[in-house]
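Summary of structural features
The primary structure of each chain is shown beneath.
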Amino acid sequence: MANMPDTRDSLIVQVQNPANREAWEQFTAIYRPVIYRLARTRGMQDADADDLAQQVLLAVGRAIPDWQSNKQQSRFRHWLHRITKNAILNALTRTPKDPAVGGSGFMNLIHGVSKPDNIELQLELEYRRQVYRQAAEIVRNAVQEQTWRVFMMTIIEGQSTESVARQMSTTIGNVHAIRSRVMRRLQIAVKDIQEADE
Amino acid sequence: MKPRTSNASKCQPDQLQDLLNGQLTSRDEQLLLVHLNECDNCCRRLDESAATPESWNAAHTFLRDLDWEISRRRHEQQ
């Protein structure tokens, strides 16, 4: 996906509270790829999917002053998730004749929800996928390369523990221990990300 | 290859959690790893202790192309 630093910066500027700014950074790191993949699964080309992710995040970013001026503020993260879900569902269920996102269309995108088919399920699935991938990157950076390799060979490539033990010159017991420990760390990282989002 | 059978006399399920948490002494860990070489039941218990079957499946499904994506990202940044 292409980086768009100018837009990102403009979005960050609207989040004045440092704690909320961190929440926004974490939020976009999860939702940008979620929106992109959802759009791709619905037949959009790479550039269009990227553009849609940008539009949705822009729409959400522009609504942040609404949240900031609301006296009965819900938690920033809760609010972000709710309006983003609405924005995604609307963006993906709009007909081609609908106006492009911009101007008053932004508010419509955020506040109204079109009738979803299975997009809501897809959204949940893609969200969960992204949480796992972020968690995996955290764990991957925290363990030795060989440890990660053993995990990927057994879990992702589906190789037997016997085969991996032979290739990595270690024992079957060690392979089981390594992959289970990595899995435990992955579960903790997933939980941390999900709790930060709740 | 030596058949992998359960040796109930050596099974110590309580130690599996400690292994996952890195709380075994070096000696106990080595003994347990040797036991895991021979005991399918304890290997299964260890998997179950680490995560639910649903979580193992989720990892398999969601992380399939992760390394490829990270490599691609690094390549783009260079």
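Data block above holds the structure.
Residues numbered from 1 in each chain as written. Chains lettered and ligands numbered in written order. Predicted model: local features only at pLDDT ≥ 70, side-chain atom pairs only at ≥ 80, totals over all residues. Heavy atoms only, no water.

A few points about the overall build of chain A
Helices and strands together make up the secondary structure of chain A, namely nine helices and zero strands. Counting from the amino terminus, chain A carries its helices and strands in the arrangement α-α-α-α-α-α-α-α-α. For chain A, buried positions account for 49% of its 198 residues. Taking the contacts inside chain A whose residues are at least 6 apart along the sequence as the reference set, 68% of them involve residues at least 24 apart. A total accessible area of about 9,900 Å² is found for chain A, and carbon and sulfur atoms account for 48% of it. (Helix = DSSP H or I, 4+ residues; strand = E, 2+ residues; numbered from the N terminus. Buried < 20%, exposed > 50% of the residue type's maximum accessible area, 1.4 Å probe, protein only. Contact = heavy atoms within 4.5 Å. Areas by Shrake-Rupley, 256 points an atom, 1.4 Å probe, with all protein chains shown as cover.)

Observations regarding the nonpolar core
One recurring pattern in soluble globular proteins: nonpolar side chains tend to sit buried together. Tyr31, Trp148, Phe151 and Leu186 of chain A together with Leu63 of chain B are the most contacted members of the largest nonpolar core, which has 78 residues in total. Sequence-distant contacts of Leu63 of chain B, that is, excluding residues within four places in its chain, are made with Tyr132, Arg133, Ala136, Phe151, Met152, Ile156 and Leu186 of chain A together with Ala58 of chain B. (Core = buried A, V, L, I, M, F, W, Y, C linked by side-chain atoms within 4.5 Å.)

Remarks on the packing of aromatic side chains
Going through the model one piece at a time under the given rule, you end up with three aromatic pairs over all chains. When the ring of Trp148 of chain A is compared with that of Phe151 of chain A, the centres are 5.3 Å apart and the planes differ by 40°; the resulting orientation is tilted. Here Phe151 of chain A and Trp148 of chain A lie together in helix H7 (residues 145-156), a separation of three residues that amounts to about one turn. The ring centre of Trp56 of chain B lies 5.3 Å from the NZ or CZ of Arg179 of chain A, which sits over that ring. (Phe/Tyr/Trp six-rings, centres within 6.5 Å; stacked < 30°, edge-to-face > 60°. Lys NZ or Arg CZ within 6 Å of the ring centre and 35° of its normal.)

Some points on the environment of Asn37 of chain B
Counting through the fold element by element, Asn37 of chain B comes out in helix H2 (residues 26-38). Asn37 of chain B sits in the partly exposed class, given a relative accessible area of 23%. Looking at Asn37 of chain B, its side chain comes within polar contact range of the main-chain nitrogen of Gly173 of chain A, at 2.5 Å. (Polar contact = N/O pair within 3.5 Å; in protein donor to acceptor, adjacent residues only side chain to side chain.)

Let's talk about the interface of chain A and chain B
Chain A puts 31 residues into the contact, and the matching count from chain B is 35 residues. Broken down residue by residue, the surface that chain A buries against chain B is led by Arg133, Arg181 and Arg184 of chain A, which jointly contribute 23%. At the boundary of chain A and chain B, one finds three salt bridges. Across the salt bridge formed by Arg179 of chain A and Asp47 of chain B, the nearest N and O atoms sit 2.7 Å from each other. Across the chain A-chain B interface, the total number found is twelve residue pairs in polar contact (both at pLDDT 80 or more). Mapped by element, the contributors of at least two residues to the side of chain A that touches chain B are helix H6 (119-142), H7, helix H8 (161-167) and helix H9 (172-197) of chain A. Of the residues forming the side of chain A that touches chain B, the biggest block, twelve residues, is contributed by H9 of chain A. (Buried area = accessible area lost by both parts, 1.4 Å probe. Salt bridge = Lys/Arg side-chain N within 4 Å of Asp/Glu carboxyl O.)

A short note on unusual backbone geometry
Despite not being glycine, Ser169 of chain A shows a phi value in the positive range, around 55°. Along the polypeptide, Ser169 of chain A turns up in the loop between H8 and H9.

Description of the side chain of Ser163 of chain A
With respect to the helices and strands, Ser163 of chain A occurs in helix H8. A polar contact is formed between the side chain of Ser163 of chain A and the side chain of Gln167 of chain A, at a distance of 2.9 Å.

What about H7 of chain A?
Residues and elements named next belong to chain A. In this model H7 runs 15 Å from its N-terminal to its C-terminal C-alpha over twelve residues, within 8% of the 16 Å that 1.5 Å per residue would give. The buried fraction of H7 amounts to nine of the twelve residues, a majority that puts the element mostly inside the structure. Regarding H7, the residues found buried are Thr147, Trp148, Val150, Phe151, Met152, Met153, Thr154, Ile155 and Ile156. Positive phi appears at Gly158, one or two residues downstream of H7, with a value of about 70°. (Expected span 1.5 Å × (residues − 1).)

Without other data, these values stay purely geometric and don't point to any function.
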